[in-house]
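# Observations on the model geometry
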Amino acid sequence: MALNTNKNLKLYYSIKEVSQMFNVSESLLRYWETEFPTLRPKTTSNKVRQYSDADIRQVRNIYNLVKVRGFKIAAARKIISKNPTTIDRSSDVLSTLLSIRDQLKDMKKQLERLS
């Protein structure tokens, strides 16, 4: 069995790391845990939350529905419970589109400087 040499690969992330990834407060993440049954990070014996990649995908889905698209909590919960795989794909597409938009804005600024 080969050793994993990728030091950037983490199994779990702290609530602080996840809050920084999405630029939201830790208390908002704890609130979302109470509102969305699909979001259940692992907790240690000291009650320290540990978010897996699957948990981070759930946070991204919730973030995209509530913060980006403006859905109410109840509507977002209903959407996630009805079709979770569709939400994952649409979140990926939305993230890609937002990244492309930012790149285009940067290119436009560079072109304006050259003019």
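Throughout what follows, the structure given in this document is the object of discussion. Keep in mind the model is a prediction, meaning the values are calculated, not measured.

## Remarks on the overall build of the protein chain
Within the protein chain one finds five helices and two strands. Ordered by position in the sequence, the α and β elements of the protein chain form the string α-α-β-β-α-α-α. By residue count, 25% of the 115 residues in the protein chain fall in the buried class. Taking the intrachain contacts of the protein chain between residues at least 6 apart in sequence as the baseline, contacts between residues at least 24 apart amount to 51%. Carbon together with sulfur atoms contributes 54% to the accessible area of the protein chain, which is approximately 8400 Å² in total.

## Notes on helix α1 (residues 15-22)
Three- or four-residue spacings in an α-helix give side chains the same orientation, since the helix completes a turn every 3.6 residues. Among the residues of α1, Ile15, Val18, Ser19 and Phe22 are the ones counted as buried. Down the axis of α1, the sector holding all buried residues measures 100°, keeping them to one side. Each element contacted by the buried residues of α1 is listed here: α2 (26-35), β2 (49-50) and α3 (53-68). A positive phi of about 55° marks Asn23, the residue just after α1.

## Focus on the packing of α3 against helix α4 (residues 73-82)
At a closest axis distance of 10 Å, the pairing of α3 and α4 adopts a crossing angle of 130°. Relative to α4, the element α3 is oriented oblique. Handedness of the α3/α4 crossing: right-handed. Counted together, Gln58, Ile62, Leu65 and Val66 of α3 and Ile73, Ala76, Ile79 and Ile80 of α4 form the full contact between these two elements. Classifying every residue of the contact of α3 with α4 by side-chain character gives seven nonpolar, one polar and no charged.

## Considering the nonpolar core
Within the largest apolar cluster, 19 residues are counted, with the highest numbers of intra-cluster contacts made by Val18, Leu29, Trp32, Phe36, Tyr51 and Val59. Where this core is concerned, the elements lending two or more residues are α1, α2, α3 and α4. By residue number, the principal contributor to this core is α3, which donates five residues. In contact with Phe36, not counting residues within four places along its chain, are Ile62, Val66, Ile73, Ala76, Arg77 and Ile80.

Reading the values: the criteria
- Residues numbered from 1 in each chain as written.
- Predicted model: local features only at pLDDT ≥ 70, side-chain atom pairs only at ≥ 80, totals over all residues.
- Heavy atoms only, no water.
- Helix = DSSP H or I, 4+ residues; strand = E, 2+ residues; numbered from the N terminus.
- Buried < 20%, exposed > 50% of the residue type's maximum accessible area, 1.4 Å probe, protein only.
- Contact = heavy atoms within 4.5 Å.
- Areas by Shrake-Rupley, 256 points an atom, 1.4 Å probe, with all protein chains shown as cover.
- Arc of directions from axis to C-beta.
- Axes fitted to C-alpha atoms, helices over the stretch in contact; angles between N-to-C directions.
- Parallel < 35°, antiparallel > 145°, perpendicular 65-115°, else oblique.
- Left-handed = near helix turned anticlockwise from the far one by under 90°.
- Nonpolar A, V, L, I, M, F, W, Y, C, P; charged D, E, K, R; others polar.
- Core = buried A, V, L, I, M, F, W, Y, C linked by side-chain atoms within 4.5 Å.

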